[in-house]
Amino acid sequence: MGSYTKIDSGKEQTMSDHSSQQFLFVGFLLFFMIILIPVLQKRTGKDITHMLFGIRSQKDPASREAASKTAREPRLRNGTKSELTSFVAQLLRFTSKNGMRLVAPGTITHGGQTARLTALVVAPGGIVGVYCLGFGGTIAPANRREPAGTSHAWRQHINGEDKSFDNPLKACQEQAELIRLAMEQAGIKAGLNVVTVFTNPHATLESVPSFVYNPKSFIQYLKENGDLKNGSLDIHQAALKLAELAGIHNNGKKKKNP
């Protein structure tokens, strides 16, 4: 009997240890699922419960729809210097074949301020300043109910994020005023219009005014605008004066400041 009692006591001790280990394991598992999994999911953006246990975490319909929409969106980027260079080359070819001149860059300085234009198209009927931006994704005024020219900011939706940037129409107005003053001082008597061109091929323009362009629509604008083709402006002399205001030598290179 003594031998039997000793063996039974050992079994009870073993079972007690095993139960304690199970309790600790269950406790750790609960801690892992309740505390650690949400933290890991937030940091990684992945459904950890589904990866480990085949259980999908519950999200509200709006969150699931937003996550699904983001997953479907292609990864986009902002524009590159090569895209801008390609657009300027396209403008140069068009203007040379259509009785116009191109001044690039259009960084005219006046009164201590410098215009941030990519180019100036000089036509018999007037001058068009080109303000280029390379934002990709979906572009729209931030408040679509306001007139586009009065909106304080514009919106860029790219890779599931909404970002804002300065109203390009306001920038065009400010640069047009600066260039008009410089033209007046240089004796260039011609009409001036400054427009925005989004050069990124992956930019989608929504609810923008008709005078905001992508490269293709801007070239089309130059082709179809009869007022630009009809006029008495000496495009050669006007282009030379504008180039001088922009600090460009006859060889087409920008003059360096001392």
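Refer to the structure printed above.
Please read these numbers as outputs of a predicted model, since none were measured by experiment.

About the thresholds
- Residues numbered from 1 in each chain as written.
- Predicted model: local features only at pLDDT ≥ 70, side-chain atom pairs only at ≥ 80, totals over all residues.
- Heavy atoms only, no water.
- Helix = DSSP H or I, 4+ residues; strand = E, 2+ residues; numbered from the N terminus.
- Buried < 20%, exposed > 50% of the residue type's maximum accessible area, 1.4 Å probe, protein only.
- Contact = heavy atoms within 4.5 Å.
- Areas by Shrake-Rupley, 256 points an atom, 1.4 Å probe, with all protein chains shown as cover.
- Pairing = 2+ DSSP bridges.
- Axes fitted to C-alpha atoms, helices over the stretch in contact; angles between N-to-C directions.
- Left-handed = near helix turned anticlockwise from the far one by under 90°.
- Nonpolar A, V, L, I, M, F, W, Y, C, P; charged D, E, K, R; others polar.
- Parallel < 35°, antiparallel > 145°, perpendicular 65-115°, else oblique.

Along the protein chain, the regular secondary structure elements total 8 helices and 11 strands. Taken over 258 residues, the protein chain has a buried fraction of 34%. Taking the intrachain contacts of the protein chain between residues at least 6 apart in sequence as the baseline, contacts between residues at least 24 apart amount to 56%. For the protein chain, the accessible surface area stands at approximately 16,800 Å², while carbon and sulfur atoms represent 55% of it.

To summarise the sheet geometry, strands pair through backbone hydrogen bonds and adopt either a parallel or an antiparallel arrangement. With mixed pairing, the 4 strands of this open sheet are ordered in space as β8-β7-β6-β10. At either end of the open sheet lies a strand with only one pairing partner, and these are β8 (161-166) and β10 (203-205). Taking each pair of neighbouring strands and ignoring which way they run, the sheet shows an average axis angle of 25 degrees. With 3 bridges joining them, strand β6 (residues 137-141) and β10 adopt parallel strand pairing. When the sheet's bridge partners are listed, Gly 137 is paired in β10 with Ala 203.

Packing of helix α5 (residues 168-186) against helix α8 (residues 235-245) leaves a shortest axis separation of 11 Å and a crossing angle of 115 degrees. Considering only the axes of α5 and α8, their crossing is right-handed. Contact residues: Ala 182, Met 183 and Ala 186 in α5; Lys 241, Leu 242 and Leu 245 in α8. Its residues assigned to classes, the contact of α5 with α8 comprises 5 nonpolar, no polar and 1 charged.

Once that is clear, we can look at the sheet that holds strand β9 (residues 192-198). Reading across the sheet, the 5 strands line up as β1-β4-β5-β9-β11 and stay open at both edges, with mixed pairing between neighbours. The open sheet has two edge strands with one neighbour each: β1 (101-103) and β11 (212-213). As judged from the 2 bridges shared by β9 and β11, these two strands associate in the parallel manner. By the bridge assignment, Val 197 is partnered in β11 with Tyr 213. Relative to β9, helix α6 (residues 215-224) is tilted by about 150 degrees, and along the sheet it contacts β4 (119-123), β5 (126-133), β9 and β11.

The interhelical angle for the contact between helix α4 (residues 81-97) and α6, taken along N-to-C directions, is 15 degrees, at an axis separation of 11 Å. Relative to α6, the element α4 is oriented roughly parallel. The element α4 and its partner α6 pack so that their crossing is right-handed. Every residue of α6 that contacts α4 at Phe 87, Gln 90, Leu 91 and Phe 94 is listed here: Pro 215, Phe 218, Ile 219, Leu 222 and Lys 223.

To continue, consider the pairing of β4. Across the 5 residues of β4, 5 count as buried, placing the element largely inside the fold. The side-chain alternation of β4 yields two buried faces, one formed by Ala 119, Val 121 and Ala 123 and the other by Leu 120 and Val 122. Bridge analysis of β1 against β4 gives 3 bridges, and the strand direction is antiparallel. Bridge pairing in β4 places Val 103 opposite Leu 120. One ladder, built from 5 bridges, connects β4 with β5; its direction is antiparallel. Bridge pairing links Val 122 to Ile 127 in β5.

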